[in-house]
Amino acid sequence: MVRLLLALVAYVRAFFVSRHKLALEAVALRQQLAVFKRKQARPKLGTLDRMFWIALRHLWPGWTEALIIVKPETVVSWLRAGFRLFWRLRSSFRRPGRPKISQEIRQLIRRLGFQISEPTVSRYLHRLKRHHNEGKARRWIAFLNNHREVIAA
């Protein structure tokens, strides 16, 4: 009797929900059914299964209602792990340190007669760094002076 009532409610609901949402729900339920049919004691979700749920999360606002296999927080954690992996791989391709100066620019500097030594470069870099930190300190002191009454309260 309960199954019949649930089937009747689902049938009536289908008239009020768009075809797009019903199709997405059917795909979500079929995907989970396919995972349950795998011949394992505890079916494991592969990379494609995870990518499916991450994509479905973006396509369908009601994705959590059809999700049975895992918790919605797990799908969100998969998405965050993917972002971490993406940015880790993207940042690992860069070389550490300063970019190399091209051969053309080095030849131009020699032709113009500029001679730059390592102590000169380090001296100017040190000054720039110190001035930058002094500017930050001044801004912080100005902020504290401007909001003295509120902070003390």
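Our subject is the structure listed above.
Everything numeric here is computed off the predicted structure, so don't read it as measured data. (Residues numbered from 1 in each chain as written. Predicted model: local features only at pLDDT ≥ 70, side-chain atom pairs only at ≥ 80, totals over all residues. Heavy atoms only, no water.)

## Some thoughts on the overall build of the protein
Okay, so step 1: Within the protein, the secondary structure is distributed over eight helices and zero strands.
Okay, so step 2: Its helices and strands in sequence order give the protein the pattern α-α-α-α-α-α-α-α, from N to C terminus.
Okay, so step 3: Pairs at least 24 apart in sequence give 45% of the contacts found in the protein among residues at least 6 apart.
Okay, so step 4: By element, 63% of the accessible surface of the protein is carried by carbon and sulfur atoms, the whole surface being about 14,000 Å². (Helix = DSSP H or I, 4+ residues; strand = E, 2+ residues; numbered from the N terminus. Contact = heavy atoms within 4.5 Å. Areas by Shrake-Rupley, 256 points an atom, 1.4 Å probe, with all protein chains shown as cover.)

## What to know about the pattern of salt bridges
Okay, so step 1: Within the structure shown, the criterion is met by one salt bridge.
Okay, so step 2: Measuring nitrogen to oxygen at the nearest pair gives 2.9 Å for the salt bridge that ties Asp49 to Arg38. Pair noted here: Asp49 is in helix H3 (residues 47-59) and Arg38 is in the loop between helix H2 (19-36) and H3, with a separation of 11 residues, a long-range link.
Okay, so step 3: We classify Asp49 as buried; its relative accessible area is 9%.
Okay, so step 4: We classify Arg38 as partly exposed; its relative accessible area is 31%. (Salt bridge = Lys/Arg side-chain N within 4 Å of Asp/Glu carboxyl O. Buried < 20%, exposed > 50% of the residue type's maximum accessible area, 1.4 Å probe, protein only.)

## Some words on the nonpolar core
Okay, so step 1: In terms of nonpolar packing, the biggest core is built from 15 residues, with Trp53, Leu56, Trp60, Trp63, Val75 and Trp78 touching the most fellow members.
Okay, so step 2: Of all the secondary-structure elements, those providing two or more residues to this core are H2, H3, helix H4 (63-66) and helix H5 (72-92).
Okay, so step 3: Once you skip the residues sitting within four places of it in the chain, Val75 turns out to touch Trp53, Ile54, Arg57, Trp63, Leu67 and Val70. (Core = buried A, V, L, I, M, F, W, Y, C linked by side-chain atoms within 4.5 Å.)

## Concerning a nonpolar patch on the surface
Okay, so step 1: Residues Leu5, Leu8, Val9, Tyr11, Val12, Phe15 and Phe16 make up a contiguous nonpolar surface patch of roughly 820 Å² in combined accessible area.
Okay, so step 2: With respect to the helices and strands, Val12 occurs in helix H1 (residues 2-16). (Patch = residues over 30% accessible without salt bridge, like charges linked within 9 Å, V, L, I, M, F, W, Y side chains within 5 Å.)

## Considering the packing of aromatic side chains
Working definition: an aromatic ring pair is given by the centre-to-centre distance plus the angle between the planes.
Okay, so step 1: Counted under the stated rule, the structure contains two aromatic pairs.
Okay, so step 2: With centroids separated by 5.0 Å and ring planes inclined at 80°, the aromatic side chains of Phe86 and Trp87 adopt a geometry described as edge-to-face.
Okay, so step 3: Classification of Phe86 as partly exposed rests on a relative accessible area of 43%.
Okay, so step 4: Accessibility expressed as a relative area gives 49% for Trp87, which makes it partly exposed. (Phe/Tyr/Trp six-rings, centres within 6.5 Å; stacked < 30°, edge-to-face > 60°.)

## As for H2
Okay, so step 1: The end-to-end C-alpha distance of H2, which contains 18 residues, comes to 26 Å, matching closely the 26 Å that a straight helix rising 1.5 Å per residue would cover.
Okay, so step 2: Buried residues in H2 make contact with H1, H3 and H4. (Expected span 1.5 Å × (residues − 1).)

## What about the environment of Lys44?
Okay, so step 1: Mapped onto the elements of the fold, Lys44 is located in the loop between H2 and H3.
Okay, so step 2: In this structure the C-alpha to C-alpha distance between Lys44 and Ile69, which are 25 residues apart in sequence, comes to 9.7 Å.
Okay, so step 3: Ignoring any residue separated from it by four or fewer positions in sequence, one finds Lys44 in contact with Arg38 and Asp49.

## A word on the packing of H2 against H3
Okay, so step 1: It is at 12 Å that the axes of H2 and H3 come closest, and there the two elements cross at 165°. Relative to H3, the element H2 is oriented roughly antiparallel. As H2 packs across H3, the resulting crossing turns out to be left-handed. Where H2 abuts H3, its residues Leu24, Val27, Ala28, Gln31, Gln32 and Val35 lie against Asp49, Phe52, Trp53, Leu56 and Leu59.
Okay, so step 2: Among the residues forming the contact of H2 with H3, the class breakdown is eight nonpolar, two polar and one charged. (Axes fitted to C-alpha atoms, helices over the stretch in contact; angles between N-to-C directions. Parallel < 35°, antiparallel > 145°, perpendicular 65-115°, else oblique. Left-handed = near helix turned anticlockwise from the far one by under 90°. Nonpolar A, V, L, I, M, F, W, Y, C, P; charged D, E, K, R; others polar.)

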